[in-house]
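The chain contents come next:
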Amino acid sequence: MSLAAAVLATLALQQTDPLAPARTGQVLCYEPDVARQTCYGTATYRRQGNGTIISDIVVAASAVPAIFVHSSAPVFVRGDAECTRLVPSADQITAIYEEGERLGGSDFESFRRILGSSIDQGNGPGRELCFTYTPLANGNLKSTARIDGVARPDLGGTVRWVRPADGWRVAF
């Protein structure tokens, strides 16, 4: 093996997999409240037989009435980033619960279209969205977003890998 190949192999091994904690049963908690063990939303990652990674997200969309939105999207790892190709958000919404009841039929379709349209503004389909996660002293991670390589501070925030079995949940 040439010196250049050895250096590249070493660098590849040093790259961190941003989704590694998911393989140990952890979920990514958005905007964690450690004292209450709550998250504004969570992402659970699952690998399909063909190697595709699916991110299943649950977000607390409203406190009153209590509305929770579920969505799924394929993601991939590029270097130290979690990435996805943007598609119309309405197509990724898999369920909406209002006060514990799953919306169906025209109620679901209407809410899904409105919510998806709101999310998509300025984030057109086909673009690549990537997040990197930088450790903070308190155990949280700073989430930094880029769309097609351009920084998007408005899409970043604070996240933390958590175990639902420890009592963590999605709530306002």
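See above for the structure.
This structure is a prediction, so every number in the text was calculated from the model and none was measured.

Draft legend 1. Looking closely at unusual backbone geometry. Val64 connects to Pro65 through a cis peptide bond whose omega is -5 degrees. Take Pro65: it is sitting in the loop between β4 (53-62) and β5 (67-78). Positive phi, close to 55 degrees, is recorded for Gln37, a residue that is not glycine. Structurally, the position occupied by Gln37 is in the loop between β1 (27-30) and β2 (38-39). Here Gln37 falls in the partly exposed class, since its relative accessible area comes to 27%. A positive phi angle is found at Asp148, which is not glycine, with a value near 50 degrees.

Draft legend 2. Structural detail: the side chain of Thr42. Positionally, Thr42 belongs in strand β3 (residues 41-47). By relative accessible area, which is 12% here, Thr42 ends up buried. Once residues within four sequence positions are removed from consideration, Thr42 is found in contact with Val27, Leu28, Cys29, Tyr30, Asp56, Ile57, Val58 and Val170.

Draft legend 3. Representation of the state of the cysteines. Inspection of the entire model under this criterion finds 2 disulfides. Each sulfur of the disulfide joining Cys29 and Cys39 lies 2.0 Å from the other. With the S-S bond torsion at -115 degrees, the cross-link from Cys29 to Cys39 turns out left-handed. Placement of Cys29 in strand β1 and of Cys39 in strand β2 is noted, with a sequence separation of 10 residues between them.

Draft legend 4. Focus on the packing of aromatic side chains. Scanning the model with the defined rule gives 2 aromatic pairs in all. Look at Tyr40 and Phe172: their rings are 6.4 Å apart centre to centre, the planes differ by 80 degrees, and that puts the pair in the edge-to-face class. Taken together, the residues Tyr40 in the loop between β2 and β3 and Phe172 in the segment after β13 (169-170) connect sequence positions 132 residues apart. Owing to a relative accessible area of 40%, Tyr40 belongs among the partly exposed residues under this scheme. Ring geometry for Tyr45 against Trp161: centres 6.0 Å apart, planes inclined by 50 degrees, an arrangement best described as tilted. With Tyr45 in strand β3 and Trp161 in strand β12 (residues 157-162), this residue pair connects regions lying 116 residues apart in the sequence. With relative accessibility at 15%, the residue Trp161 sits in the buried group.

About the cut-offs
Residues numbered from 1 in each chain as written. Predicted model: local features only at pLDDT ≥ 70, side-chain atom pairs only at ≥ 80, totals over all residues. Heavy atoms only, no water. Helix = DSSP H or I, 4+ residues; strand = E, 2+ residues; numbered from the N terminus. Buried < 20%, exposed > 50% of the residue type's maximum accessible area, 1.4 Å probe, protein only. Contact = heavy atoms within 4.5 Å. Disulfide = S-S within 2.5 Å. Phe/Tyr/Trp six-rings, centres within 6.5 Å; stacked < 30°, edge-to-face > 60°.

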